[in-house]
Amino acid sequence: ELGIALTSRDKKKEGALPLAGVPHHAVDGYLRTLVQRGHSVAIAEQMEPADQARGLVDRQVVEVLTPGTVTRSGILIAAESNFIVALKPDPGRARIGVAVAEVSTGEFRLGEVPQEELKLLLLEFPSREILVPDGVSTDAWGEEREWRGEARLTRWDGARFDTQAGRQA
């Protein structure tokens, strides 16, 4: 995706994992490219000095970026909204529960729309990422590319869409 050289740990062994690195001072440009192409990026930082490590240096994921959750100023395009939309169909009612957020500004809207108005809603809030429960069919919403547009479609565990938990929150 980035046109950078890949290496790997244990590259001579079967099942070697590809690795790549970028200069720290240029990371925002690389992150912007990946996120704009619809990828999620996990950022890991070294948690101990390499000379004090026994075996592999301890690293931990400190940030995860997805197209709809970017808040870094070096990656966001200031003139554009960066909406993330969660959709939960209501079986038997032809309605869809909707949560719209613009994470960088804190804008949040919650409601429901008739199924036939989904495309209009997504035109009003052009999103970079759309979340739907895993295992839910979106066929009834029409041709996916028509309502989804360029947004990345992310399927999440259905338990994250629990109505009761949402009301409590």
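What you see as residue numbers is a count from 1 along each chain, following the sequence as written. Given that this is a predicted model, residues contribute local features only at a pLDDT of at least 70 and side-chain atom pairs are listed and counted only at 80 or more, while totals for whole chains, interfaces and linings are drawn from all residues. The basis for every side-chain value is the complete set of non-hydrogen atoms in the structure, without hydrogens or water.

1. A short note on unusual backbone geometry
Then, in step 1: Positive phi is not limited to glycine here, since Ala 94 has a value of about 55°.
Then, in step 2: Residue class for Ala 94 comes out partly exposed when judged on its relative accessible area of 41%. Each residue is placed in one exposure class: buried if its accessible area under a 1.4 Å probe, protein chains only, is under 20% of its type's maximum, exposed if it is over 50%, and partly exposed if it falls in between.

2. Let's talk about the side chain of Thr 154
Then, in step 1: Runs of E in the DSSP output that reach at least two residues are strands. Runs of H or I that reach at least four are helices, and both are numbered from the N terminus. Checked against the element boundaries, Thr 154 lands in strand E9 (residues 152-156).
Then, in step 2: Excluding residues that lie within four positions of it along the chain, Thr 154 makes contacts with Glu 129, Ile 130, Leu 131 and Val 132. The contact rule is simple, with two residues in contact once any of their heavy atoms fall within 4.5 Å.

3. Concerning the sheet that holds strand E8 (residues 127-133)
Then, in step 1: When DSSP finds at least two bridges between two strands, those strands are taken to pair. Across the sheet, 5 strands lie side by side as E7-E6-E5-E8-E9; this open sheet has mixed pairing. Strands at the two margins of the open sheet, each flanked by one partner only, are strand E7 (107-114) and E9. Ignoring which end each strand starts from, the neighbouring axes of this sheet average 20° apart.
Then, in step 2: Pairing between strand E6 (residues 95-102) and E7: 8 bridges, direction antiparallel. From the neighbouring strand, Val 98 faces E7, where its bridge partner is Gly 111. Axis angles are defined between N-to-C directions and span 0 to 180 degrees, where every axis is a line fitted to C-alpha atoms and, for a helix, only to the segment in contact.

4. Looking at the nonpolar core
Nonpolar side chains tend toward joint burial in soluble globular proteins.
Then, in step 1: Core analysis: the largest hydrophobic core is formed by 16 residues, its most contacted members being Leu 87, Val 98 and Leu 118.
Then, in step 2: Broken down by secondary-structure element, the contributors of at least two residues to this core are strand E5 (83-90), E6, helix H2 (118-124) and E8.
Then, in step 3: In this view, Leu 87 contacts Ile 96, Gly 97, Val 98, Leu 118, Ile 130, Leu 131, Val 132, Pro 133, Trp 141, Trp 147 and Phe 161; residues no more than four positions away in its chain are not counted.
Then, in step 4: Formed by 8 residues, the second largest nonpolar core is a distinct cluster that contains Val 35, Leu 65, Val 70 and Ile 75. Take the buried residues of types Ala, Val, Leu, Ile, Met, Phe, Trp, Tyr and Cys, join any two whose side-chain atoms come within 4.5 Å, and each joined set is a nonpolar core.

5. So, the packing of aromatic side chains
Then, in step 1: Centres within 6.5 Å are what make two rings of Phe, Tyr or Trp a pair, Trp counting through its six-membered ring; a difference in plane orientation under 30 degrees is then read as stacked, over 60 as edge-to-face, and the rest as tilted. Across all of its chains, the model carries 2 aromatic pairs by this definition.
Then, in step 2: An angle of 75° between the planes, with centres 5.1 Å apart, marks the rings of Trp 141 and Trp 147 as edge-to-face.
Then, in step 3: Given a relative accessible area of 9%, Trp 141 falls into the buried group.

6. Side note on the pattern of salt bridges
Then, in step 1: Salt bridges are counted wherever a side-chain nitrogen of Lys or Arg sits within 4 Å of a carboxyl oxygen of Asp or Glu. Counted according to the given criterion, the structure contains 10 salt bridges.
Then, in step 2: Linking Glu 1 and Arg 37 is a salt bridge whose minimum nitrogen-to-oxygen distance equals 3.2 Å. Separated by 36 residues along the polypeptide, Glu 1 in the segment before strand E1 (7-8) and Arg 37 in the loop between helix H1 (27-36) and strand E3 (41-46) bring together distant segments of the chain.
Then, in step 3: Among the ionic pairs, Glu 63 bridges to Arg 72, the shortest N-O distance being 2.8 Å.
Then, in step 4: A relative accessible area of 23% places Glu 63 in the partly exposed class.
Then, in step 5: The class of Arg 72 is partly exposed, set by a relative accessible area of 25%.
Then, in step 6: Residues joined by salt bridges that share partners form a network here, namely Asp 90, Arg 93, Arg 95 and Glu 112.

7. Focus: the pairing of E8
Then, in step 1: Most of E8 sits inside the fold, with 6 of its 7 residues counted as buried.
Then, in step 2: Taken together, the 5 bridges between E8 and E9 define a ladder with parallel strand orientation. Across the sheet, the residue bridging to Glu 129 is Arg 152, located in E9.

8. Things to note about the side chain of Ser 127
Then, in step 1: Within the secondary structure, Ser 127 sits in strand E8.
Then, in step 2: Classification of Ser 127 by relative accessible area gives buried; the value is 14%.
Then, in step 3: Here Ser 127 is in contact with Phe 83, Val 85, Leu 122 and Ala 151, once residues within four sequence places are set aside.

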